[in-house]
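Now for the letters of each chain:
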Amino acid sequence: MMDDIRKTFKQIMAAGFSSIIYIVWLYALGWLLMEGRYRAFIQPKFSWLLLLGAAILLLYLLSHLLRPLPENKIRTSIGGLARAGILSLPLIFLYAIYGQGLGAHALANKSVSGADVMAIPGLSAKDSKLETKPGEPISLLTLVRHMEKLEGKQVIVEGMIYQDAVMPSGSFLLFRFGIYCCAADAIPVWVIVQGDNPLSLPNESWARVEGRLHVQPHLQKNYPVILTAKVKELPTPAPGGQYLFF
Amino acid sequence: MQREIYSNSNHHATGVSEKNHSYWLPAIFFIFAAGFLLFFRTRPFFATLGITFVSIVLEALPFMLLGTLIGGFIEVFVSRDQIIGFLPGRQRHTIFIAAGLGLIFPVCECAIVPVVRRLVGKGIPLGAAVAFLLGGPIVNPIVFASTAVAYGYEWKMAAGRMMLGYGIAVGIGLLADLMFSKKQAIHSRVIAVQAADKRRAVQRPDTQISLWRKSGRAVRHASDDFIQIGGFLVIGAFAAGLIQVAVSRQDFVSLMGTPAVSILMMMGLAMVLNLCSETDAFIAASFRFTAIPISAQMAFMVLGPMLDIKLLLMYISLFKKRVIIVLAGLILTAVFAAAWILEFAR
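Residues numbered from 1 in each chain as written. Chains lettered and ligands numbered in written order. Predicted model: local features only at pLDDT ≥ 70, side-chain atom pairs only at ≥ 80, totals over all residues. Heavy atoms only, no water.

### Observations concerning the environment of Ala183 of chain A
Operational definition: By the criteria applied, helices consist of DSSP H or I runs no shorter than four residues and strands consist of E runs no shorter than two, each listed in order from the N terminus. Each residue gets one of three labels from its accessible area relative to the maximum for its type: buried under 20%, exposed over 50%, partly exposed in between, using a 1.4 Å probe on protein chains only. A contact between two residues is defined here by any heavy atoms of the two lying within 4.5 Å.
Mapped onto the fold, Ala183 of chain A is located in the loop between strand 2 (171–179) and strand 3 (187–195). Exposure remark for Ala183 of chain A: the relative accessible area of 0% places this residue in the buried category. A C-alpha to C-alpha distance of 9.3 Å links Ala183 of chain A and Arg39 of chain A, two positions 144 residues apart in sequence. Ignoring anything within four residues of it in the chain, the contact list for Ala183 of chain A reads Ala40, Phe41, Leu102 and Lys110 of chain A together with Ile51 and Ser55 of chain B.

Have a look at this one:
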């Protein structure tokens, strides 16, 4: 038994940094996939891609471990270390940022002159159904897609708060990010909220907002506004639960 | 003897020659990125940067792994003679076929670089390699479908993207063929696979090697390719994240005054965002309701799969620097000219 372990260890060391990189990446992909943590980065529809990637990495790891020894000596050189360092960098960043989601900085960074809301797929198409249950929140995406149908009705939505200095004291944006493929292509989805009272919550707090929906036309576009809103603070969801997926 | 053959072929095929390799780029990049992590970790932009960087890598990695795997199997299972036999007699005709190969072999831009590396090593002409590299990620059914869906089933938009992508890929393939020889354009370690292929065939004909062993050899080639090229993907993704954080989408849009400037800015955005060709149409479509003309949106969708920061760095593993500069210039000029013509033809 010990001999087997020793032999496997020797093989791993001989296979060099490349094998270590494969092992670490395999562990990271497994960690992301097991409890749906990958949703903090990519669209759930593409989880099979990560599974495919993990399968290929496993294949590569086995090929490194089963490789004849003399060839593997090359891979323990400085070059191997440099490549291993670069390939491990996304994992170091993953560790450093895990638990955080896109927030107010990304809202400002990824927003385009209020056109974000108009860019939601299915906004003009009639293929998405509106399903609401009394007293239950609807997603910001549903609200934006069906704002004309929901006009004048009482709505409940959840999202993050953003208020800047030029906004009146009770007004703020309630926003989340919509993702097509991965967080790099995130588009802000938001609604303007005009509350009854001055806002007491800081930016990036999660909140549930309840109020009457009004559609405000501006420069030939329609924007959703929630009036006379009641605001209730919510605990911050896990990063995987923060995004909306198209 | 068998070990010697594996060792030899692998060495030549992937260029794992430590002495001849420069590691300044990975080293500088690693120090730079690690410095960012150490000094800016608590700043508000760091989460946006980190999430963008990791997302691009996670999205592109499976495609790249698949590309290297396909490349490995091409290396072992397809001989140079078979490739040459498949190509039409006239070299220029190959370019027209190669630019449309994505229709039957749909690959995105992350997967295509390792595949083309292997095809080049197997003797595919330079022009055809360039045409496939540029056309493959656009002229393919998945990209056609995603573009049509993103634009609310506006088939003209999807068809226009295919046609422009094909035309530019053919044009630049022909020009590359005229301007450079293969030896001038491609790294010798990539071409060296041809010599290794011939030598291996003499030493031990493929018919004497079992399918299992050949598959093992293909996976070894593939894993070597991944280690070689993977770093470029990481560096490109980090650079893309950094630029996305430094320059907001609004900054890009606010600079767009005339159609020409809009086209240029959208081309800049395509290079910075580093999106997958199978999903970039959704981002392009998000500009429909702004003042950005269709021609600029088209430039965004045609340029991105051909040239972005991540691809530019991945091209280093295939082409010599001078050729990358020339190709980048040709691509930028061709895309701008095509979008400009489109703007006035509407």
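### Looking at the pattern of salt bridges
Residue and element names in this part refer to chain B. Heads up, the rule is: In the sections that follow, a salt bridge refers to a side-chain nitrogen of Lys or Arg positioned within 4 Å of a carboxyl oxygen of Asp or Glu.
Scanning the model with the defined rule gives 8 salt bridges over all chains in all. Measuring nitrogen to oxygen at the nearest pair gives 3.5 Å for the salt bridge that ties Asp225 to Arg117. Highlighted residues: Asp225 in helix 12 (residues 211–246) and Arg117 in helix 6 (residues 109–121), separated in sequence by 108 residues. An identical accessibility class is assigned to Asp225 and Arg117; each is buried. Across the pair Arg118 and Asp225 runs a salt bridge, and its minimum N-O distance is 2.9 Å.

### Some words on the packing of helix 9 (residues 155–179) of chain B against helix 18 (residues 321–345) of chain B
A pair of packed helices is captured by two measures, namely the crossing angle of their axes and the spacing between those axes. Residues and elements named next belong to chain B. Heads up, the condition is: Every angle, taken between N-to-C directions, lies between 0 and 180 degrees, and every axis is a line fitted to C-alpha atoms, over only the stretch in contact when it is a helix. Each crossing gets its handedness from the near helix: less than a right angle anticlockwise from the far helix is left-handed, clockwise is right-handed. Asp, Glu, Lys and Arg are counted as charged, while Ala, Val, Leu, Ile, Met, Phe, Trp, Tyr, Cys and Pro are counted as nonpolar; the rest, among them Gly, fall into the polar class.
Running from N to C, helix 9 and helix 18 point in directions that differ by 145°, and their axes come no closer than 10 Å. As helix 9 runs across helix 18, the sense of the crossing is right-handed. Each of Leu164, Ile168, Ile172, Leu175, Ala176 and Met179 in helix 9 lies in contact with helix 18, whose residues at this interface are Val326, Leu327, Leu330, Ile331, Ala334, Val335 and Ala338. Here the residues of the contact of helix 9 with helix 18 are counted per class, giving 13 nonpolar, no polar and no charged.

### Notes on the interface of chain B and chain A
Threshold: Here a polar contact is taken to be a pair of N or O atoms separated by no more than 3.5 Å, where protein atoms must pair a possible hydrogen donor with a possible acceptor and residues adjacent in sequence count only if both atoms sit in side chains.
If you look at the interface, chain B gives 63 residues, while chain A gives 63 residues. Between the two partners, chain B and chain A, sit 0 salt bridges. For the pair chain B and chain A, the number of links is 10 residue pairs in polar contact (both at pLDDT 80 or more). Looking at the side of chain B that touches chain A, the elements with two or more residues in it are helix 1 (2–14), helix 2 (24–40), helix 3 (44–77), helix 12, helix 13 (249–254) and helix 15 (280–285) of chain B. Here the side of chain B that touches chain A is built from residues that sort into 38 nonpolar, 18 polar and 7 charged.

### Some remarks on the pairing of strand 2 of chain A
Residue and element names in this part refer to chain A. Our working rule: Only when DSSP finds a minimum of two bridges between them are two strands counted as paired.
With 9 of 9 residues buried, strand 2 lies mostly within the body of the structure. Here strand 2 shows two buried faces, one formed by Ser171, Leu173, Phe175, Phe177 and Ile179 and the other by Phe172, Leu174, Arg176 and Gly178. The pairing of strand 1 (residues 154–162) with strand 2 spans 3 bridges and is classified as antiparallel. The partner of Met160 across the bridge, within strand 2, is Phe175. Here 8 bridges tie strand 2 to strand 3, and the two strands are oriented antiparallel to one another. Note on strand 3: the bridge partner recorded for Phe172 is Val193. By the bridge criterion, 3 bridges tie strand 2 to strand 6 (residues 243–245) in an arrangement that is parallel. Each residue of the ladder has a partner; that of Phe177, found in strand 6, is Tyr243.

### Brief notes about the packing of helix 7 (residues 126–135) of chain B against helix 9 of chain B
Residues and elements named next belong to chain B. Condition: Any angle from 65 to 115 degrees is called roughly perpendicular, while one under 35 is roughly parallel, one over 145 is roughly antiparallel, and all others are oblique.
Contact pair helix 7 / helix 9: the axes reach a minimum separation of 8 Å and the direction vectors enclose 155°. If you check the angle between helix 7 and helix 9, you find them roughly antiparallel. Seen from above, helix 7 lies across helix 9 with right-handed handedness. Counted together, Leu126, Gly127, Val130, Ala131, Leu134 and Gly135 of helix 7 and Gly165, Ala169, Ile172, Gly173, Ala176 and Asp177 of helix 9 form the full contact between these two elements. Classifying every residue of the contact of helix 7 with helix 9 by side-chain character gives 7 nonpolar, 4 polar and 1 charged.

### Some thoughts on a nonpolar patch on the surface
We count it as follows: Patch membership requires over 30% relative accessible area and the absence of a salt bridge. Like charges are linked within 9 Å, and nonpolar side chains (Val, Leu, Ile, Met, Phe, Trp, Tyr) within 5 Å. Here the Shrake-Rupley method, with its probe set to 1.4 Å, supplies the accessible areas, and only the displayed protein chains count as covering residues.
Taken together, the side chains of Leu58, Leu62 and Leu66 of chain A present a nonpolar region at the surface, about 300 Å² in accessible area. Judged by its relative accessible area of 43%, Leu58 of chain A falls in the partly exposed class.

### A short note on the side chain of Gln242 of chain A
All names here are of chain A. Relative to the elements of secondary structure, Gln242 occurs in the loop between strand 5 (221–234) and strand 6. Residue classification places Gln242 among the buried residues on the basis of a relative accessible area of 5%. Reaching out from Gln242, the side chain makes a polar contact with the backbone oxygen of Pro237 at a distance of 3.0 Å. When residues no more than four places from it in sequence are discounted, the contact partners of Gln242 are Gly101, Leu102, Arg176, Trp206, Thr236 and Pro237.

### Examining the packing of aromatic side chains
Here is the rule we go by: Note on aromatic contacts: the rings of Phe and Tyr and the six-membered ring of Trp form a pair at centre separations within 6.5 Å, being stacked when their planes are under 30 degrees apart, edge-to-face when over 60 apart, and tilted otherwise.
Enumeration over the complete set of coordinates arrives at 22 aromatic pairs over all chains. Between Phe93 of chain A and Phe238 of chain B, the aromatic rings sit 5.5 Å apart at their centres with planes inclined by 75°, giving edge-to-face as the arrangement. Separated into two different chains, Phe93 of chain A in helix 4 (residues 78–97) and Phe238 of chain B in helix 12 make up a pair that spans both. Each member of the pair, Phe93 of chain A as well as Phe238 of chain B, carries the same accessibility label: buried. Of the aromatic side chains, those joined through ring pairs into one cluster are Phe93 of chain A together with Phe29, Phe32, Phe36, Phe40, Phe45, Phe46, Phe53 and Phe238 of chain B.

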